[in-house]
Amino acid sequence: MISQYIVNGLLTGGLYACLAVGFSLVWGVLNVVNMLHGSMVVLGAYFCLYGVQQLGLPLYAVAPVACLILFVFGYAIQRGLLNRVITQPILITLTLTFGLDLIVNNLIIHVFSATPQSLVTNFGTVEFAGVRVPVVRVGGMLVAVILTLVLYWLLRHSKIGRAIIAVRMDRHAAALMGIRIPHIYALTFGIGAFMAGAAGCAMALIYPVTPMMSGVFLGKAFVICVLGGLGSVPGAIIGGLVLGVVEGLGTLTLGQQWATSVGFIMMMAVIVLFPTGIMGKKGYE
Amino acid sequence: MIIDRAFALKIAFGVLLFACGAMLSAVLDNYYLQVGTTLAMLCSLCWAWNIVGGYMGYPALCMISFFGIGAYAGGIAQAAGVPETLAWFVAAGVGLLFALLLGVPLLRLKGHYFAVGTIASVEVLREVANNWDQLTGGAIGLNLPIHAGSPDEVGRYFYLAMLGLAFIAFLVTAIVDRTQFGFGLRCIRQNEQAASMVGINVFKYKVGAFVLTGVLGAATGAIYASMVAFIEPKDAFNIIMTIEIPVMVMLGGMGTIFGPLIGGVSYVILKEFVWAYFINWHSGLLGLIVVTVIYFLPVGVLGLTWRDIFRKFGASKSTRPVTSDIARSAS
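## Looking at the overall build of chain B
Here is step 1: The secondary structure content of chain B amounts to 16 helices and two strands.
Here is step 2: Relative to the globule expectation of 20 Å for 331 residues, the C-alpha radius of gyration of chain B, 20 Å, shows essentially globular dimensions.
Here is step 3: Sorting the 331 residues of chain B into buried and exposed places 55% on the buried side.
Here is step 4: Sequence separation of at least 24 residues holds for 80% of the intrachain contacts in chain B that already meet a minimum separation of 6.
Here is step 5: About 14,100 Å² of surface is accessible on chain B, with carbon and sulfur atoms providing 69% of the total.
Here is step 6: Across chain B, the mean location of the 19 positive side-chain charges is 17 Å away from that of the 16 negative side-chain charges.

## So, the interface of chain B and chain A
Here is step 1: At the junction of the two partners, chain B supplies 42 residues and chain A supplies 40 residues.
Here is step 2: Surface buried jointly by chain B and chain A totals about 3,700 Å² across both partners, of which 82% is contributed by carbon and sulfur atoms.
Here is step 3: Contact with chain A buries area across many residues of chain B, yet His112, Tyr113 and Tyr295 of chain B alone supply 20% of it, more than any other trio.
Here is step 4: Among the elements of the structure, helix H4 (84–106), helix H5 (111–131), helix H12 (239–252), helix H14 (282–296) and helix H16 (321–330) of chain B are those that each provide at least two residues to the side of chain B that touches chain A.
Here is step 5: Of the residues forming the side of chain B that touches chain A, the biggest block, 14 residues, is contributed by H5 of chain B.
Here is step 6: Looking at the side of chain B that touches chain A, its residues break down into 30 nonpolar, ten polar and two charged.

## Description of a nonpolar patch on the surface
Here is step 1: Residues Leu107 of chain A together with Phe273, Tyr277, Phe278 and Trp281 of chain B make up a contiguous nonpolar surface patch of roughly 520 Å² in combined accessible area.
Here is step 2: Within the element layout of this structure, tyrosine 277 of chain B appears in helix H13 (residues 259–277).
Here is step 3: Exposure remark for tyrosine 277 of chain B: the relative accessible area of 60% places this residue in the exposed category.

## So, empty space enclosed by the protein
Space left empty within the atom packing is revealed by a probe, the size of a water molecule, rolled over the atoms.
Here is step 1: Scanning all chains against the criterion turns up two cavities of 30 Å³ or more.
Here is step 2: Taken as a whole, the largest cavity holds about 50 Å³ of empty space.
Here is step 3: Val216, Gly219, Lys220, Val223, Leu243, Glu247, Thr260, Gly263 and Phe264 of chain A together form the lining of the largest cavity.
Here is step 4: Among the elements of the structure, helix H9 (214–228), helix H10 (233–254) and helix H11 (259–273) of chain A are those that each provide at least two residues to the lining of the largest cavity.
Here is step 5: In terms of residues, the lining of the largest cavity owes the most to one element, H9 of chain A, which gives four residues.
Here is step 6: Taken as a whole, the second largest cavity spans an internal volume of roughly 30 Å³.
Here is step 7: Forming the boundary of the second largest cavity are Trp49, Val52, Ala60, Cys62, Met63, Phe66, Phe210 and Thr213 of chain B.
Here is step 8: Elements represented by at least two residues in the lining of the second largest cavity include exactly helix H2 (30–55), helix H3 (63–79) and helix H10 (202–228) of chain B.
Here is step 9: Taken together, the residues that form the lining of the second largest cavity break down as seven nonpolar, one polar and no charged.

## Overview of the packing of aromatic side chains
Residue and element names in this part refer to chain B.
Here is step 1: In this structure the tally under the stated criterion is 26 aromatic pairs over all chains.
Here is step 2: Taking 5.1 Å as the distance between ring centres and 75° as the angle between the ring planes, the aromatic pair formed by tyrosine 31 and tyrosine 32 counts as edge-to-face.
Here is step 3: Among the residues examined, tyrosine 32 registers a relative accessible area of 49% and is labelled partly exposed.
Here is step 4: Here the aromatic rings of phenylalanine 66 and phenylalanine 98 are separated by 5.9 Å at their centres, their planes lie at 80°, and the arrangement is edge-to-face.

## Notes on the confidence of the model for chain B
Here is step 1: When the pLDDT values of chain B are averaged, the result is 85; 90% of them are 70 or greater.
Here is step 2: H10 of chain B holds the highest mean pLDDT among the elements of chain B, 93, whereas H16 of chain B holds the lowest, 42.

## Things to note about the packing of helix H2 (residues 37–54) of chain A against helix H4 (residues 90–112) of chain A
Residue and element names in this part refer to chain A.
Here is step 1: It is the contact of H2 with H4, at a shortest axis distance of 10 Å, that shows an interaxial angle of 20°. Classified by the interaxial angle, the pair formed by H2 and H4 is roughly parallel. As for the relative orientation of H2 and H4, their crossing is left-handed in sense. Packed against H2, whose contacting residues are Ser39, Val42, Leu43, Tyr46, Phe47 and Tyr50, the element H4 presents Asp101, Val104, Asn105, Ile108 and Phe112 at the interface.

## Brief notes about unusual backbone geometry
Here is step 1: In this structure, asparagine 31 of chain A is a non-glycine residue whose phi angle is positive, near 60°.
Here is step 2: Relative to the elements of secondary structure, asparagine 31 of chain A occurs in the loop between helix H1 (2–30) and H2.
Here is step 3: The backbone of alanine 229 of chain B sits at a positive phi, close to 60°, despite the residue not being glycine.
Here is step 4: Overall, alanine 229 of chain B belongs to the buried group, its relative accessible area being 11%.

## A closer look at the pattern of salt bridges
Here is step 1: Taken as a whole and assessed by the stated rule, the structure comprises eight salt bridges over all chains.
Here is step 2: With its nearest N and O atoms 2.9 Å apart, the salt bridge here joins lysine 220 of chain A to glutamate 247 of chain A. Taken as a pair, lysine 220 of chain A in helix H9 and glutamate 247 of chain A in helix H10 lie far apart in primary sequence, 27 residues in all.
Here is step 3: Under the relative-accessibility criterion, glutamate 247 of chain A is labelled buried at 11%.
Here is step 4: Linking glutamate 244 of chain B and lysine 271 of chain B is a salt bridge whose minimum nitrogen-to-oxygen distance equals 3.2 Å.

## Comments concerning the side chain of glutamine 78 of chain B
Here is step 1: Relative to the helices and strands, glutamine 78 of chain B is located in helix H3.
Here is step 2: Leave out the neighbours within four places in its chain, and glutamine 78 of chain B touches Glu84, Ala87, Leu144, Pro145 and Ser226 of chain B.

## Thoughts on the nonpolar core
Here is step 1: Core analysis: the biggest nonpolar cluster contains 197 residues, and Trp27, Met35 and Phe222 of chain A together with Leu185 and Phe210 of chain B have the highest contact counts within it.
Here is step 2: The element best represented in this core is helix H8 (residues 181–206) of chain A, accounting for 15 residues.
Here is step 3: For leucine 185 of chain B, the residues in contact, after removing those within four places along its chain, are Ile51, Tyr55, Met56, Val176, Tyr205 and Ala209 of chain B.

## Topic: the side chain of threonine 210 of chain A
Residues and elements named next belong to chain A.
Here is step 1: Considering the arrangement of structural elements, one finds threonine 210 in the loop between H8 and H9.
Here is step 2: Note on threonine 210: relative accessible area 12%, which makes it buried.
Here is step 3: Contacts of threonine 210, omitting those with residues within four sequence positions, involve Val42, Tyr46, Ala114, Thr115 and Pro116.

Reading guide: rules and limits
Residues numbered from 1 in each chain as written. Chains lettered and ligands numbered in written order. Predicted model: local features only at pLDDT ≥ 70, side-chain atom pairs only at ≥ 80, totals over all residues. Heavy atoms only, no water. Helix = DSSP H or I, 4+ residues; strand = E, 2+ residues; numbered from the N terminus. Rg over C-alpha atoms; globule rule 2.2 N^0.38 Å. Buried < 20%, exposed > 50% of the residue type's maximum accessible area, 1.4 Å probe, protein only. Contact = heavy atoms within 4.5 Å. Areas by Shrake-Rupley, 256 points an atom, 1.4 Å probe, with all protein chains shown as cover. Lys, Arg positive; Asp, Glu negative; His and termini not counted. Charge placed at Lys NZ, Arg CZ, Asp CG, Glu CD. Buried area = accessible area lost by both parts, 1.4 Å probe. Nonpolar A, V, L, I, M, F, W, Y, C, P; charged D, E, K, R; others polar. Patch = residues over 30% accessible without salt bridge, like charges linked within 9 Å, V, L, I, M, F, W, Y side chains within 5 Å. Salt bridge = Lys/Arg side-chain N within 4 Å of Asp/Glu carboxyl O. 1 Å grid on protein atoms, 1.4 Å probe; cavity = no way out; pocket = protein on both sides within 12 Å on 5 of 7 lines; lining within 4 Å. Points joined across faces, edges and corners; volume = space filled by probe spheres on them. Phe/Tyr/Trp six-rings, centres within 6.5 Å; stacked < 30°, edge-to-face > 60°. pLDDT = per-residue confidence, 0-100. Axes fitted to C-alpha atoms, helices over the stretch in contact; angles between N-to-C directions. Parallel < 35°, antiparallel > 145°, perpendicular 65-115°, else oblique. Left-handed = near helix turned anticlockwise from the far one by under 90°. Core = buried A, V, L, I, M, F, W, Y, C linked by side-chain atoms within 4.5 Å.

This is the structure in structure tokens:
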């Protein structure tokens, strides 16, 4: 029984990691708390649903396109709107993204309606050592984790990735090295949006999605980001898995209604006790 | 406390406004009393937030935590048989304790961590209110004894009560504006380390400001709870409101005496207009208002000078120190 909950928690945790990594990257590099993140996840999910259900395209073709659309969307938002206020105090950037979130969410409701929708898939279940899991959840989790790892690799080894890290470490020095700061900011935000889209596609496979869920997704991203430390990709993975398991165990011991609160209370505790996250140092990847 | 002519004029103007507001209660009909009560409520929340957010420059997003705590404290006290007015004072006391409890750990944090910690407090409290059925009635909500009297009398009574509280919040702001305490808060906004170097007990000042905000917020919540006679978690701990309040203050001008009033009034008018004509688009249009305020009025109405108004609007980047010194302390 407990092992079932832990496995479920780990599976959800993989998704959470993918959900939070973009948020964490944006927070760490741009110093912006992106309140828009939840809506971007929902947007990814709806693009996926629309492509599969309305256009009848296969899932593996739709999902990458949905993520790419979100990348472009994120790049445009950062380049056009956020870059203008990026040096302002956080209250300004946070409120701005909150305003954008209200707009985007309203548009989603208007275009896709507020009815919960989900992709009906049937890939069967697998059973291992008395633990039953649906294949689709394993698949969604694997894709999410692989994407997160790819992002980690890119940040460490690609030229763009090093540029992002350099901007994060010292914006002024990076500018002197010939890095185009506005472009890198926009790329980072675009990557954040891409990851949000990927998480959205995976979510659409597993849970029914409504535009109202953007707040829930945003809350999870907050918790994981604080748990794992800002802008740290391994931190996001660990934070996501920890949150998944803790929520699973919280459901088991305290009941379903407390599951979310357990996450938030844990976050309050971490924020007060270790403000740089469980992963410690103010990470440089 | 420093009192010069400009300040005395400001206070006189404020007192006059409130006196007019109180006298209007005799002639207004129930709908306008309702609007007036909402306005007074939002203005007192704005004034309360302005102490921490405006004068001290901390991005506190927990205004609604205080409001909700006050609403529930007052509501539970009243449901247990405490008389209404006493329940409001009980709620203010609970607000004080809660602000201490929340402020002491959170005020050690800076910037984003502080902002996120304060937002998280709203989420945690809402979940607690949702789940602690025995105390709060859970998601079903909590019924309070209804204030006796005809609808007109009740409306007028709560209008005057809310107006009185807003007046208190106004006076508190005015006092903070002109005393050593407020001076210290402004120093903290500009540079916390420098403030502590010139002998300001930074932590004490910060907690003090937080407590003032908490008490005013909780009292507002308690009066609101008595007025509507029914509270539920998603109403008392509304996450949108917790960001709307700073937007209102920003619209009017942060760290000023009349900024919260101007911001609150213009925001309510805008919002009523949006609700009346674009019901399906209201959240999107509110978002648009928020974005517009940030791009075109980052220093608020009171931060504008005549020169700003005649110059090209978009180019007016923090001409006044109000936001630029907050920027420095936050970065």
